[in-house]
Amino acid sequence: MDLPVVDVSAFLSGADSKDECVKLAQLLREYGCAVLRDPRVSEDDNNQFLDIVEAYFEQPYDVKIQDARPQLHYQVGCTPDGIECPRDHTERINTKYIDMCRPITPTGPDPKWRYFWRIGERPQSTEFAELNAEPVIPQAFPQWPAVMNKWGNLMLSSVTTAAEMLAVGLDLPRDTFSSRMANAPHLLAPTGSDLGKHNTLGEVLAGFHYDLNFLTIHGKSRFPALNIFLRDGSDAPRKKVAVKVPDGCLLIQAGKELEWLTGGHIQAGYHEVIILESTLEKIAARRASNQSLWRISSTLFSHIASDQVLYPLDPFRSSETESLYPPTKAGKYVNDELATIKLASN
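Along each chain, residue indices are assigned from 1 in the same order as the chain's sequence is written. In keeping with the model being predicted, local features are shown solely for residues with a pLDDT of at least 70 and side-chain atom pairs are shown and tallied solely at 80 or more, while totals for entire chains, interfaces and linings include all residues. The side-chain values count all of the structure's non-hydrogen atoms but skip hydrogen atoms and water molecules.

### A word on the overall build of the protein chain
Here is step 1: Of regular secondary structure, the protein chain possesses 11 helices and 16 strands.
Here is step 2: In what follows, residue pairs with any heavy atoms lying within 4.5 Å of each other are defined as contacts. Residue pairs in contact within the protein chain that sit at least 24 positions apart in sequence constitute 82% of those at least 6 positions apart. Numbered from the N terminus, helices here are DSSP runs of H or I no shorter than four residues, and strands are runs of E no shorter than two.

What follows is the structure, encoded as structure tokens:
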């Protein structure tokens, strides 16, 4: 599926961009995701990032595991394969999706690796220190901080712009969301999936899930594998589509923190990463040219600051939404979610 592209250029220049802002808000409400074109972000930047992360994940297990920090809920450094477990959405899968659009029900932890690298300023004091820890630098990659920070700050700038455009598109003050993102535990969070090992049609790399954060933003991966499940505003079965991101563009997805602040007006987008026919074609082409078979996602999770309280904002506040989304500190909500997906102890 080719999603409409939202161009942020006019917004950045101060020109009239109301229509693009409204389009972004509508896309996130209807699809849970949108494609951005941001002149500040180039395909070369994305490729430089993908190159170094591929090289990192191609290292032996015993080398990579030294960068894991389970005592910090894996919120910095690497998360090995077989750790992160998707929430159990069996009831939703069985009631919301007909067979042809049904996600693959996860049967255990994901086989993907991940690396978390903090982006942006940390709070001077916080109730949630474990969510705001200092980054881990892999020993074999002295250039790691420079490359991570360059791509991560580009992603953070772009997703912050998207947050401001979204606010305008919802007829809210421009800084409604971006002010709440200040000093938040934003995470550059590339995943690594070894497609030399995991290459069976329909095999799950990241089980059916929503993102727990505010907005997720990705550069284009070298391997297609992402299915999204569209919200159509009714009780009809949801549709499953494979996403295509044009070269030079970015994909953003709505997360649970955004759903909370809008009282469900925009809902966190459900998605899965699986081996598709197009994935197998790309594996064959890259194997023939002796290129890396690690699938990397150039992902950043933007967050609401840990000590901010999540609650439905005024245009979305009612007795119903307040009962569904009670006032909760963002850090507590995140810790509860991390425990559910096995990244933190209860």
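### Regarding the sheet that holds strand 12 (residues 270-274)
Here is step 1: Only strands joined by at least two bridges in the DSSP assignment are considered to pair. The four strands lie next to each other as 7-12-9-10, forming an open sheet whose pairing is antiparallel. Where the open sheet ends on each side, the last strands, each with one partner, are strand 7 (204-209) and strand 10 (239-242). Strand after strand, the sheet turns through a mean of 20° between neighbouring axes, direction not considered.
Here is step 2: Pairing analysis gives four bridges linking strand 9 (residues 226-230) to strand 10, with the strands arranged antiparallel. Its bridge partner lying in strand 10, Phe229 is registered against Lys240. Axes, fitted as lines to C-alpha atoms, cover a helix only where it is in contact. Angles between the N-to-C directions of the axes lie from 0 to 180 degrees.

### Some remarks on the pattern of salt bridges
Two side chains bearing opposite charge may form a pair once their charged atoms approach each other closely.
Here is step 1: In the sections that follow, a salt bridge refers to a side-chain nitrogen of Lys or Arg positioned within 4 Å of a carboxyl oxygen of Asp or Glu. The full count for this structure, using the stated rule, is 17 salt bridges.
Here is step 2: Shared partners join several salt bridges into a network, and the residues in it are Asp51, Glu54, Arg222 and Arg286.

### Some details on the side chain of Thr262
Here is step 1: Examined against the element boundaries, Thr262 turns out to sit in the loop between helix 8 (256-261) and strand 12.
Here is step 2: Note on classification: 1.4 Å probe, protein chains only; a residue is buried when its accessible area is under 20% of the maximum for its type, exposed when over 50%, partly exposed between these limits. For Thr262, a relative accessible area of 1% corresponds to the buried category.
Here is step 3: Ignoring anything within four residues of it in the chain, the contact list for Thr262 reads Leu170, Phe177 and Phe316.

### What about the layout of surface pockets?
Here is step 1: As a volume, the largest pocket reaches approximately 530 Å³.
Here is step 2: Lining the largest pocket are 32 residues, and of these Ser221, Phe223, Ala225, Leu226 and Arg295 lie nearest its centre.
Here is step 3: Mapped by element, the contributors of at least two residues to the lining of the largest pocket are strand 6 (191-194), strand 7, strand 8 (215-218), strand 11 (250-254), strand 12, strand 13 (294-297) and strand 14 (299-302).
Here is step 4: Ranked by residues supplied to the lining of the largest pocket, first place goes to strand 7 with three residues. Think of a 1 Å grid over just the protein atoms. A cavity is a set of points where a 1.4 Å probe fits yet cannot get out, a pocket is an open set with protein on both sides within 12 Å along at least five of seven lines, and lining residues have an atom within 4 Å of a point. Grid points are joined across faces, edges and corners, and a volume is the space filled by probe spheres set on the points.

### Quick look at the packing of helix 2 (residues 18-31) against helix 6 (residues 144-169)
When two helices pack together, their arrangement is given by the angle between the helix axes and the distance between those axes.
Here is step 1: Interhelical geometry of helix 2 versus helix 6 gives an angle of 95° and a closest axis separation of 7 Å. By the angle between their directions, the pair helix 2 and helix 6 is classed as roughly perpendicular. Facing helix 2, whose interface residues are Lys18, Glu20, Cys21, Val22, Leu24, Ala25 and Leu28, helix 6 presents Ala162, Met165, Leu166, Val168 and Gly169.
Here is step 2: Side-chain classes are defined by residue name, with Ala, Val, Leu, Ile, Met, Phe, Trp, Tyr, Cys and Pro counting as nonpolar, Asp, Glu, Lys and Arg as charged, and the others, Gly among them, as polar. Classifying every residue of the contact of helix 2 with helix 6 by side-chain character gives nine nonpolar, one polar and two charged. Angle categories are assigned with fixed cut-offs, so that under 35 degrees is roughly parallel, over 145 is roughly antiparallel, 65 to 115 is roughly perpendicular, and the rest are oblique.

### Topic: helix 11 (residues 330-340)
An α-helical segment advances 3.6 residues per turn. Residues three or four places apart therefore align on the same side.
Here is step 1: Extensive coverage of helix 11 is indicated by the burial of eight of its 11 residues.
Here is step 2: When helix 11 is considered as a whole, its buried residues turn out to be Ala330, Gly331, Tyr333, Val334, Asn335, Glu337, Leu338 and Ala339.
Here is step 3: Summarising the contacts, the buried residues of helix 11 are in contact with helix 8, strand 15 (309-310) and strand 16 (328-329).

### Examining the confidence of the model for the protein chain
Here is step 1: On average, residues of the protein chain carry a pLDDT of 90, and 89% of them reach 70 or more.
Here is step 2: For every residue, the pLDDT score states the predictor's confidence, bounded by 0 at the bottom and 100 at the top. In the model, residues 233-237 has pLDDT below 50 throughout and makes six contacts with residues more than four positions away in sequence or in other chains.

### Concerning the pairing of strand 7
Here is step 1: Across the six residues that make up strand 7, a large majority, six, are buried.
Here is step 2: Two strands pair when backbone bridges link them, and strand 7 and strand 12 are joined in this way by three bridges, in the antiparallel orientation. Of the residues in strand 12, the one forming a bridge with Val204 is Ile274.

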